[in-house]
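Letter by letter, the chains look like this.
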Amino acid sequence: MKIAVTYENGQVFQHFGHTGQFKVYEVADGKVVSSAVLPTNGSGHGALAGFLRERGVDTLICGGIGGGARTALAEAGITLYPGASGEADAQVAALL
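Residues numbered from 1 in each chain as written. Predicted model: local features only at pLDDT ≥ 70, side-chain atom pairs only at ≥ 80, totals over all residues. Heavy atoms only, no water.

### A few points about the packing of aromatic side chains
In the structure shown here, the tally under the stated rule is two aromatic pairs. Between the aromatic rings of phenylalanine 16 and phenylalanine 22, the centroid separation amounts to 6.2 Å while the plane-to-plane angle is 55°, which identifies the pairing as tilted. Pair check on accessibility: phenylalanine 16 and phenylalanine 22 agree, each one buried. Ring geometry for phenylalanine 22 and phenylalanine 51: centres 5.9 Å apart, planes at 25°, overall stacked. Note that phenylalanine 22 is positioned in strand S3 (residues 21-28) and phenylalanine 51 in helix H1 (residues 46-54), a separation of 29 residues in sequence. Joined through ring pairs, the aromatic side chains of Phe16, Phe22 and Phe51 make up one cluster. (Phe/Tyr/Trp six-rings, centres within 6.5 Å; stacked < 30°, edge-to-face > 60°. Buried < 20%, exposed > 50% of the residue type's maximum accessible area, 1.4 Å probe, protein only. Helix = DSSP H or I, 4+ residues; strand = E, 2+ residues; numbered from the N terminus.)

Right, here's the structure in full:
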């Protein structure tokens with residue numbers, strides 16, 4: 001399982017379409033085994049679902065997200081957990 005979190009300074013970034021980076025967590029046996037911060041390199045809104053899918057992400061935790069992005073993520077097969085806030089690591093731990 002790979003979980004991505006919209007990310008800025010250790011926190012869940014609150015606007016999916018404008019996130020400059022994701023923190024991606026590799027999970028095995030219910031535990032985080034590695035993580036890395038990946039820049040989006042200017043990708044925004046609709047392109048971000050493809051960005052995540054190309055990197056094998058199957059779950060996304062984020063703050064705010066619009067309808068178009070929700071649809072794009074669903075089409076990419078990515079499970080969405082919107083409305084998150086606070087520390088990114090804590091949100092992943094809570095999900096697991």
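### Some remarks on the side chain of threonine 6
By secondary structure assignment, the location of threonine 6 is in strand S1 (residues 2-8). Sequence-distant contacts of threonine 6, defined by excluding residues within four places in its chain, comprise Gln11, Val12, Phe13, Phe16, Thr19, Gln21, Phe22, Leu60, Ile61, Cys62 and Gly63. (Contact = heavy atoms within 4.5 Å.)

### Re the pairing of strand S4 (residues 31-39)
Pairing analysis gives eight bridges linking S3 to S4, with the strands arranged antiparallel. When the sheet's bridge partners are listed, lysine 23 is paired in S4 with valine 37. (Pairing = 2+ DSSP bridges.)

### Things to note about the pattern of salt bridges
Enumeration over the complete set of coordinates arrives at three salt bridges. The shortest N-O distance in the salt bridge between lysine 2 and glutamate 26 comes to 4.0 Å. Of this pair, lysine 2 sits in strand S1 while glutamate 26 sits in strand S3, placing them 24 residues apart in sequence. Looking at lysine 2, the relative accessible area reads 25%, which means it is partly exposed. (Salt bridge = Lys/Arg side-chain N within 4 Å of Asp/Glu carboxyl O.)

### Describing the pairing of S1
The buried fraction of S1 amounts to five of the seven residues, a majority that puts the element mostly inside the structure. Taken together, the five bridges between S1 and S3 define a ladder with antiparallel strand orientation. Bridge pairing in S3 links valine 5 to lysine 23. Bridge count for S1 against strand S5 (residues 59-61) is three bridges, and the pairing is parallel.

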